[in-house]
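Observations on the three-dimensional arrangement
These are the residues of each chain, in order.
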Amino acid sequence: MMRRMSQDWPPQAPPPPWQQAPPPPSWPPPPPPQAPPAWQQPQPWQQGPPAYPYPGPPPQRTGTDGFAITSLIFGILPCLGGLLGVIFGFVALSRIKRRGGGGHGMAITGIVFGFLWMLAIAGLAVTGALNPTRDSGGRVKTKTFVTLSEVRVGDCVAEKPPGEVSGLTVKPCVQPHLAEVYYVTTMHDASYPGDQAVDDFAVARCRQQLPIYVDATPDHTGYDIYYVQPTRTSWAGGNRVVVCMLRKQSGQLTGSAKGAGPAPS
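One numbering rule holds for all chains: residues counted from 1, following each sequence as written. Per-residue local features are limited, in this predicted model, to residues with pLDDT of at least 70; the limit for side-chain atom pairs, both in listing and counting, is 80 or more; totals at the level of whole chains, interfaces and linings are taken over all residues. Only hydrogens and water are set aside; all other atoms, that is, all heavy atoms of the structure, feed into the side-chain values.

Regarding the nonpolar core
Of all hydrophobic cores here, the largest spans 19 residues; its most connected members are Y182, L210, V214, Y223, C244 and L246. Secondary structure elements with two or more residues in this core: strand 6 (179-186), helix 4 (195-214) and strand 8 (241-248). Helix and strand assignments follow DSSP, with helices taken as H or I runs no shorter than four residues and strands as E runs no shorter than two, numbered in order from the N terminus. For this core, the leading source of residues is helix 4, giving six residues. With near-sequence residues (within four places) excluded, L210 lies in contact with Y182, T221, Y223, I225 and L246. Counting residues in hydrophobic clusters, the runner-up holds 13 residues, among them V146, L148, A179 and V181. Throughout this description, the term nonpolar core refers to a set of buried Ala, Val, Leu, Ile, Met, Phe, Trp, Tyr and Cys residues connected via side-chain atoms within 4.5 Å. Summary of the burial criterion: residues with accessible area below 20% of their type's maximum are buried, those above 50% are exposed, and those between are partly exposed, where the area comes from a 1.4 Å probe applied to protein chains only. A contact between two residues is defined here by any heavy atoms of the two lying within 4.5 Å.

Encoded structure:
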């Protein structure tokens, strides 16, 4: 069953409207900015005392460098085969470049002479290694064959060569030998001068040099003269050597005849 609600109650008034909150009391304005006290003021950076100046380059020397002088001396005199001249020369160049001074030319000269001495000594060592038939004094150590361009004064000839001579068989002079070489020279004519001219040249030189070699008066040496001279064929091949040899009139030689005077009878 439906029932109707009674309307006896007095009607309710509408709620009051929302009221805005009163404005907040006004605050006093902030005080103006004040400058910070002097002790809070930013201070400019103060420069420190001036730094000490950097030392400049050492003064340039004007005298001759002592190492350059030493290099020149050791380069001319073969001390340690010229090695000291090279070492002192490079040290001198380095010192002159850094410190100044004179002696650059001396150092270069010492280095050059040092290297020349080193090359010369190396060449002699190689020659000795490639030519083991001679000792350090150039004397023959064993019997061997040498070409005419390799023959030296003082070589002792073991035997007479047969036919056209291109060289000689030599041996130590302490052993009995046939002849001894006492003079070697080369003819320098532009062209072959002829058989007679070559023979005259060889005879004149060999007669002149024999008494000097054995220390005797000319024509009283007591030795016979043998010589090897170039021919037209050898001349064309570049061989223009004249070799003079002494020989006893009989028998063989023992030892060297150099400075020994006339041949013993």
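Concerning the pattern of salt bridges
The salt bridge definition used is simple: a Lys or Arg side-chain nitrogen within 4 Å of an Asp or Glu carboxyl oxygen. With the rule as written, the count across this model stands at four salt bridges. The partner of D135 in a salt bridge is R139, and the shortest N-O contact between them spans 3.3 Å. For D135, a relative accessible area of 26% corresponds to the partly exposed category. Given a relative accessible area of 55%, R139 falls into the exposed group. One salt bridge connects K143 with E159, and the closest N-O pair in it is separated by 4.0 Å. Remark: E159 occurs in the loop between strand 4 (156-157) and strand 5 (167-171) and K143 occurs in the loop between helix 3 (104-130) and strand 3 (144-147); sequence separation between them is 16 residues. A relative accessible area of 41% means that E159 is categorised as partly exposed.

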